[in-house]
Amino acid sequence: MAEKPNEPGVVLTDEQKRQRRSRSIALALVLGGLVLLIYVVTVVKLGPGVLSRPL
Amino acid sequence: MSLLSEGAGLARPLRDEDARAEPSLAGAGDYLALMKPRVMSLVVFTALTGMLIAPGHLHPVLGFTALLCIAVGAGAAGALNMWYDADIDAVMSRTVTRPVPSGRVAPGEALAFGMTLAVGSVVMLGLMINVLAAGLLAFTIVFYVAVYTMWLKRWTPQNIVIGGAAGAFPPMIGWAATTNAIGIESVLLFLIIFFWTPPHFWALSLLRTEEYARAGVPMLPVVAGPEETRRQILIYSLVLAPVGASPWLFGYAGLAFGLSAIVGGALMIALSWQLLRTPSDHAARRLFGFSILYLFALFAVLLAEWGLGGLFARAFA
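I will try to describe carefully the structure that is included in this document.

Conventions we followed
Residues numbered from 1 in each chain as written. Chains lettered and ligands numbered in written order. Predicted model: local features only at pLDDT ≥ 70, side-chain atom pairs only at ≥ 80, totals over all residues. Heavy atoms only, no water. Helix = DSSP H or I, 4+ residues; strand = E, 2+ residues; numbered from the N terminus. Buried < 20%, exposed > 50% of the residue type's maximum accessible area, 1.4 Å probe, protein only. Areas by Shrake-Rupley, 256 points an atom, 1.4 Å probe, with all protein chains shown as cover. Contact = heavy atoms within 4.5 Å. Buried area = accessible area lost by both parts, 1.4 Å probe. Salt bridge = Lys/Arg side-chain N within 4 Å of Asp/Glu carboxyl O. 1 Å grid on protein atoms, 1.4 Å probe; cavity = no way out; pocket = protein on both sides within 12 Å on 5 of 7 lines; lining within 4 Å. Points joined across faces, edges and corners; volume = space filled by probe spheres on them. Nonpolar A, V, L, I, M, F, W, Y, C, P; charged D, E, K, R; others polar. Domains from an automatic or database assignment. Axes fitted to C-alpha atoms, helices over the stretch in contact; angles between N-to-C directions. Parallel < 35°, antiparallel > 145°, perpendicular 65-115°, else oblique. Left-handed = near helix turned anticlockwise from the far one by under 90°. Core = buried A, V, L, I, M, F, W, Y, C linked by side-chain atoms within 4.5 Å.

Topic: the overall build of chain A
Looking only at helices and strands, one finds one helix and zero strands in chain A. Among the 55 residues that make up chain A, the fraction classed as buried is 11%. Split by element, the accessible area of chain A, about 4900 Å² in all, is 65% carbon and sulfur.

Quick notes on the interface of chain B and chain A
Chain B puts 18 residues into the contact, and the matching count from chain A is 15 residues. With both sides pooled, the region where chain B packs onto chain A buries about 1300 Å², and carbon together with sulfur makes up 75% of that total. In terms of surface lost to chain A, no three residues of chain B exceed Pro23, Leu25 and Met128 of chain B, which account for 35% of the buried area on that side. Linking chain B with chain A are zero salt bridges.

What to know about the pattern of salt bridges
Side-chain pairing between opposite charges can occur once the charged atoms of the two side chains come close. All names here are of chain B. If you walk through the whole model with that rule in mind, you get eight salt bridges over all chains. We note a salt bridge from Arg104 to Asp30, for which the minimum N-O separation is 2.6 Å. In this pair, Arg104 is assigned in the loop between helix H4 (86–89) and helix H5 (107–128) and Asp30 in helix H1 (residues 28–34), connecting sequence segments 74 residues apart. The exposure class of Asp30 is buried, given its relative accessible area of 9%. Ionic pairing is found between Asp85 and Lys153, a salt bridge with its closest N-O pair at 2.8 Å. With a gap of 68 residues between them, Asp85 in the loop between helix H3 (60–84) and H4 and Lys153 in the loop between helix H6 (131–149) and helix H7 (159–168) connect regions that are remote in the sequence. Owing to a relative accessible area of 0%, Asp85 belongs among the buried residues under this scheme.

Focus: the layout of surface pockets
A volume near 1400 Å³ is recorded for the largest pocket. What lines the largest pocket is a set of 50 residues, among which Lys36, Arg38, Val39, Tyr144 and Phe201 of chain B lie closest to the centre. Broken down by secondary-structure element, the contributors of at least two residues to the lining of the largest pocket are helix H2 (37–53), H3, H4, H6, H7, helix H8 (170–179), helix H9 (184–207) and helix H14 (281–315) of chain B. Looking at the lining of the largest pocket, the element that brings in the most residues is H2 of chain B, giving eight residues. Of the residues that constitute the lining of the largest pocket, the class distribution is 31 nonpolar, 12 polar and seven charged. Here the lining of the largest pocket spans two domains, since at least three of its residues come from each of domain 1 (26–182) and domain 2 (188–311) of chain B. Its volume calculated, the second largest pocket comes out at about 1000 Å³. Lining the second largest pocket are 24 residues, and of these Ala26 and Val30 of chain A together with Val72, Phe113 and Leu117 of chain B sit closest to its centre. For the lining of the second largest pocket, the leading source of residues is helix H1 (residues 14–46) of chain A, giving nine residues. In the lining of the second largest pocket, the residues fall into 19 nonpolar, four polar and one charged.

Observations regarding H7 of chain B
In terms of residue burial, H7 of chain B counts as a mostly covered element, since eight of its 10 residues are buried. Those residues of H7 of chain B that fall on the buried side of the exposure criterion are Asn159, Ile160, Val161, Gly163, Gly164, Ala165, Ala166 and Ala168 of chain B.

So, unusual backbone geometry
All names here are of chain B. Backbone geometry at Lys36 places phi at a positive 50°, although glycine is not the residue there. Here Lys36 lies in the loop between H1 and H2. Residue Asn180 is not a glycine yet carries a positive backbone phi of 60°. Mapped onto the fold, Asn180 is located in the loop between H8 and H9. Overall, the relative accessible area of 47% leaves Asn180 in the partly exposed class.

Here we look at the packing of H1 of chain A against H3 of chain B
Orientation of H1 of chain A relative to H3 of chain B, taken along the N-to-C sense of each, is 135°, at an axis distance of 10 Å. Classified by the angle between their axes, H1 of chain A and H3 of chain B sit oblique to one another. Of the two elements, H1 of chain A crosses H3 of chain B, and the hand of that crossing is left-handed. Taken together, the residues of H3 of chain B that come into contact with H1 of chain A (itself represented by Leu37, Val40, Val41, Val44 and Lys45 of chain A) are Val61, Leu62, Phe64, Thr65 and Leu68 of chain B. For the contact of H1 of chain A with H3 of chain B, the per-class residue count stands at eight nonpolar, one polar and one charged.

Points about the nonpolar core
Residue and element names in this part refer to chain B. Ranked by size, the top nonpolar core spans 81 residues in total, and within it Leu125, Ile173 and Phe257 carry the most contacts. The element contributing the most residues to this core is H14, with 11 residues. Three or more residues apiece are contributed to this core by two domains, here domain 1 (26–182) and domain 2 (188–311). Filtering out sequence-adjacent residues up to four positions away, Phe257 remains in contact with Ile192, Gly244, Ala245, Pro247, Trp248, Leu298, Val301, Leu302 and Glu305. In this structure, Ala26, Val100, Val105 and Ala110 belong to the second largest nonpolar core, which totals nine residues.

Given below as structure tokens:
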């Protein structure tokens, strides 16, 4: 039977919404941390010459 | 001795189709639990020790990065272990609440999570630190997951003896991160953890014999009986005591380490002997608890000697 266009689909419970939010925040923090880490490690590995490299 | 036939008694492996079709209830904490944070903390501590006492200098940011990669690699191995062992975990009281057997994380999610972290940690360590350390980390993860979890654990009572090598690699990885080499000192640290693992785990398994038997895991007390297990614990403790003191005997550690290793090793032997002569859950629990303290103390003293040595070197420079 075809799905009616106005059916709400999967409705998350409050608990599922809370856990999804915790996963999203954790993932955002991990990705942000990874970006920061790669940036800092790049500066450390390139050393003080990071801003005066020949083009 | 193979216990594959007993393996028939294992609970049916959990599959993705068993997982709920509804949206996940797993929170960030469940994914953290997949990484076995308590095991990770010991891995980080021993890797940090190997990294710091190694000759040479590693920039603090790079040192932190190396430790992070090692910790995440260990977490990946833990997640892959929980993915594969969900059937065993489901029938043991100690592990039944883990994310996969409890149904909060689907097996496929645990597998994908573990593989992503494993590949990511190894690639990051290789790109940011050195290829040797990354290779050792990759070998450790493969050894723990493929050799220990998938093969030895369900096949032989020597599972934790050989599989213990996986837990012994972190100080070597830390050492390799600093020096880009494998030194004899790091091999000695490897041997300490390697010979520490059997008395530590067998003391625990003596307390869980019935559960291991029900799960079909051929731990030594299940296959050879408690008496033989207690005898093997004493034998490994007798080997561990001199191995524990070897960094001092070879001149790589100071007197404080030597004294700690001798006293700690003697106590390991005494507690193992007591467990053999007067078997009880209390004696097994005491040996298990002391073994954790013993390993922690040895690596802590090594770190302290390194720290104080650095202070003296700077003071008299």
